[in-house]
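Close look at the chain arrangement
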Amino acid sequence: MNRVEICCNMCGRKIREEAGILREDCVTIKKQWGFFSSKDGEIHTIHLCEECYDRWVKTLQVPPKIEEAVELLS
């Protein structure tokens, strides 16, 4: 099994993992760029730790929509 280390693209910190299981949450954005982009055919993936996500969200002109989860899995 190949282990892939996940690091925050903003601060560079390694996302904590034990025995191949992430032990902290992070945001992953994966975008396949299309025909009307100068990046046509490229796939970009970024990861943000929770602290960097919080800092990034504060810079947005329109904040993200936040909803409460109805059911949380254990």
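For the structure given in this document, a descriptive report is provided here. Because the structure is predicted, anything quoted here is derived from the model rather than measured.

1. Side note on a nonpolar patch on the surface
- Among the surface-exposed residues, M10, I29, I46, W56 and L60 lie close enough to one another that they form a single nonpolar patch of about 380 Å² accessible area.
- Along the polypeptide, I46 turns up in strand β4 (residues 43-49).
- For I46, a relative accessible area of 34% translates into the label partly exposed.

2. Notes on the nonpolar core
- Counting 7 residues, the largest nonpolar core consists of I6, C8, I15, C26, L48, C49 and C52.
- Not counting residues within four places of it along the chain, the set of residues in contact with I15 comprises I6, C7, C8, L22, E24, C26 and C49.

3. Here's the deal with the state of the cysteines
- A full pass over the atoms with the stated rule returns 0 disulfides.
- Of the cysteine sulfurs around C8, a residue in no disulfide, the closest is that of C52, at 3.6 Å.

How each quantity is defined
Residues numbered from 1 in each chain as written. Predicted model: local features only at pLDDT ≥ 70, side-chain atom pairs only at ≥ 80, totals over all residues. Heavy atoms only, no water. Patch = residues over 30% accessible without salt bridge, like charges linked within 9 Å, V, L, I, M, F, W, Y side chains within 5 Å. Areas by Shrake-Rupley, 256 points an atom, 1.4 Å probe, with all protein chains shown as cover. Salt bridge = Lys/Arg side-chain N within 4 Å of Asp/Glu carboxyl O. Helix = DSSP H or I, 4+ residues; strand = E, 2+ residues; numbered from the N terminus. Buried < 20%, exposed > 50% of the residue type's maximum accessible area, 1.4 Å probe, protein only. Core = buried A, V, L, I, M, F, W, Y, C linked by side-chain atoms within 4.5 Å. Contact = heavy atoms within 4.5 Å. Disulfide = S-S within 2.5 Å.

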